[in-house]
Amino acid sequence: MFTGNGVNDAVFYHILNSSEGASLDDLVPKIKIAVLFIVVILLLITSCAFIKIKNIKSLSIKYASILFFLTLILILASPFSINIYNSTKESFFSKGNPNEVKNEYTIPIKNLNKKYNYVFIYGESLERSFRDLDGKNYLPELSAIADNYADFTNIIQPLNRGFGWTMAGMVNTQCGIPLVMEQGNAGANVSEFLSKAQCVTSWLTDQGYDTEFIRGSQKEFAGGNKFFAQHGWKRQDDLSYFVKNGLANPEQISNWGVHDDALLNHVGMEFDRLTKNQQPFVLSFLTVNTHSPDGLFLSACENHVEKDANLAMLSAVKCSDFLLSKFINKIINSPAFDNTIIVLVSDHLMMENDASALLKKNQNLRRNNFIVIKKGLTPSKNNTNGSLLDVWPTVLDIAGSPDKQLGFGRSLLGNQESKFITDYKSGKASDYLAFASDLWGATSIKTGMTQIVNKLKIGTQEFTLPVYAAVNNNKLGPLWFEAFAKNIFKITKNNQPFFYANLCKNIGIDANAICAYIVSSEKITKLRITPQGITASNKNDIKTIFYSKKN
């Protein structure tokens, strides 16, 4: 109901990750409906159990069997079952081979010839489709700006894993990869976020750039604070910063965060401050007032934008168009524009909202916004097939950088789609997803282990307990944080060793420590881990039931 596409990768990501900062007011109605369905299901199950226990026979075995199989077929053919299959098939049925695409993954290595300042705008769900929705343009001011600069008209949103929500859009643009996580390997459970990914802001930081990201929501939402802090962003201003410094009054804060008028006012002041510092900078921010399902029309837009009489989201979109274009034009008309490149992208296509019926009339034509604004740039419309992976490579190309590739992204100025897009359209994206998953980093169990309160630290990485994973060449494979009994045989069926760790007291051992086990088909190594490190290690040549073929 929330995504508009049922259960998808965004749903799995937020279940496994931090949802702190989400709008409960938007979620409660959906939870109520879900509870109603759950109650109905429980009543049916209870009724079936009662019939079974009381041995009530209302149908013959023959008719009951026919009815059972008809019901099973209907369930399997239902949109729900098809949705679950489609959302999980790339996780469980098409693993992919990362080695097949490793040569496609590139990182910038050369220094910039000219160090422009960058203002990078993420327009929340502000897709390009609103520029021609049922024959009407709801982004007229931004369209006018785009007509005078570089407008990229064919930025698709791939339907496979790793695209389609805010955190994914951030990773897509800044690292040139899909945001893919193995089961349980969530940013909320580990201390390092995509530790092996090389992202654009780290590269710019190494070249002397000052970097700042501003958002009106809580930076912890979806693990964003970890991602930004660990990938080159020196400063993050979020909801708590606005409140602490009196930058937004209570009337300027909604369920999803600080209103865009207050946000843009602060961004404007930061732009002026950074410009005066005589140091190249990247200033980026994320808007919030077009967040589904309803969006928000601000008082700052009154008397400037006509409200839509029927659809609240369309009013919010027009309001966002007014505020963002006003902000952009202020920079364009300032002396600082001589050395500034402004980028506007939508972080993803809009999820379910009251204007969805209009958007879905031409579902296959929906596209993300991508506009580059630079002084002296020849106006152009680029229709090359691309995705958010291609955003920064294109921006760097426009800036004159010798590097025009980032991750799997490629500059669109060459008018040739990337191999990722070509393979995606051919249904061959699984290798890219497997490679992106590996960028979370494999932790070696040989790097030392210590206990940090209720967490396990291996090398530089911290893990929420309990944790277990397959072991390959002394390195942890995909991580699992729960459902041990359910999933252990997926590891042991191929005689692969596994690692398991939990607080000793949670598994019935009276010790203020972590009990860890490295288990293979031939032996078990038991470890006792304290804040001082591994204090005991004991190896036993024991064959466990986990590797028994009977199981």
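On a predicted model such as this, the values are computed, not experimentally measured, just so you know. (Residues numbered from 1 in each chain as written. Predicted model: local features only at pLDDT ≥ 70, side-chain atom pairs only at ≥ 80, totals over all residues. Heavy atoms only, no water.)

Undergrad: Just checking my understanding: could you explain the overall build of the protein chain for this structure?
TA: Within the protein chain one finds 16 helices and 21 strands. Among the 551 residues that make up the protein chain, the fraction classed as buried is 52%. Contacts in the protein chain between residues at least 24 apart in sequence constitute 68% of all its contacts with a sequence separation of at least 6. When the accessible surface of the protein chain is split by element, carbon and sulfur atoms take 55% of a total near 26400 Å². (Helix = DSSP H or I, 4+ residues; strand = E, 2+ residues; numbered from the N terminus. Buried < 20%, exposed > 50% of the residue type's maximum accessible area, 1.4 Å probe, protein only. Contact = heavy atoms within 4.5 Å. Areas by Shrake-Rupley, 256 points an atom, 1.4 Å probe, with all protein chains shown as cover.)

Undergrad: Would you take a moment to explain the state of the cysteines for this structure?
TA: In the structure shown here, the tally under the stated rule is 3 disulfides. Through a disulfide, Cys301 is tied to Cys319; the S-S separation comes to 1.9 Å. The chirality of the disulfide connecting Cys301 with Cys319 is right-handed, given an S-S dihedral of about 75 degrees. Here the residue Cys301 occupies a position in the loop between strand 7 (281-286) and helix 11 (312-332), and Cys319 occupies one in helix 11, the gap between them amounting to 18 residues. The pair formed by Cys301 and Cys319 is uniform in burial state, with each residue classed as buried. In the protein chain, the bonded cysteines, taken in the order they occur along the sequence, pair up as 1-2, 3-4, 5-6. (Disulfide = S-S within 2.5 Å.)

Undergrad: Explanation requested: the pattern of salt bridges in the structure shown.
TA: For the coordinates displayed, the defined rule picks out 18 salt bridges. The salt bridge partner of Asp338 is Lys375, with a shortest N-O separation of 2.6 Å. Taken as a pair, Asp338 in the loop between helix 11 and strand 8 (340-346) and Lys375 in the loop between strand 9 (370-374) and strand 10 (380-382) lie far apart in primary sequence, 37 residues in all. In this structure, Lys404 and Asp397 form a salt bridge, with 3.6 Å as the shortest nitrogen-oxygen distance. In this structure Asp397 comes out as buried when scored by relative accessible area, which is 15%. Among the ionic contacts, a cluster of salt bridges with common partners joins Arg128, Arg131, Asp147, Asp151 and Lys381. (Salt bridge = Lys/Arg side-chain N within 4 Å of Asp/Glu carboxyl O.)

Undergrad: When you look at the nonpolar core in this model, what are you seeing that I'm missing?
TA: Generally speaking, soluble globular proteins have nonpolar side chains that are buried together. Residues Tyr118, Ile177, Phe285 and Phe370 are the most contacted members of the largest nonpolar core, which totals 119 residues. Examining the composition of this core, we find that 12 residues originate from one element, helix 11, more than from any other. If we skip the residues at most four places from it in the chain, Phe285 touches Val119, Phe120, Ile121, Tyr122, Phe213, Ile214, Leu263, Leu264, Val267, Leu324 and Phe327. Ranked by size, the runner-up nonpolar core spans 17 residues in total, among them Met449, Leu476, Ile514 and Leu527. (Core = buried A, V, L, I, M, F, W, Y, C linked by side-chain atoms within 4.5 Å.)

Undergrad: Mind showing me how you'd approach the confidence of the model for the protein chain here?
TA: If pLDDT is low for a region, its predicted coordinates should not be looked at in detail. When pLDDT is averaged along the protein chain, the result is 88, and 90% of the positions lie at 70 or above. Contacts from residues 183-188, a stretch scored under 50 in pLDDT, to residues over four places away or in other chains number 25 contacts. (pLDDT = per-residue confidence, 0-100.)

Undergrad: So what exactly am I meant to see when it comes to the sheet that holds strand 13 (residues 449-452) here?
TA: By definition, the strands of a sheet pair up through backbone hydrogen bonds, in either a parallel or an antiparallel sense. Across the sheet, 3 strands lie side by side as 13-14-15; this open sheet has antiparallel pairing. Single-partner strands in this sheet number two, and they are strand 13 and strand 15 (461-464). Taking the axes of each pair of neighbouring strands and ignoring which way they run, one obtains an average angle of 30 degrees across the sheet. (Pairing = 2+ DSSP bridges. Axes fitted to C-alpha atoms, helices over the stretch in contact; angles between N-to-C directions.)

Undergrad: Looking at this structure, how should I read the sheet that holds strand 8?
TA: Taken together, 8 strands build an open sheet; the order of strands is 4-3-7-1-8-9-2-10 and the sheet is mixed. Edge positions in the open sheet fall to strand 4 (235-237) and strand 10, since each of these has one partner strand only. When the angles between neighbouring strand axes are averaged without regard to direction, this sheet yields 15 degrees. Alignment of strand 1 (residues 117-123) against strand 8, held across 7 bridges, turns out to be parallel. Paired with Gly123 across the two strands is Ser346, which belongs to strand 8. Lying over the sheet, helix 10 (residues 260-276) contacts strand 1, strand 3 (210-215), strand 4, strand 7 and strand 8, oriented at roughly 180 degrees with respect to strand 7.

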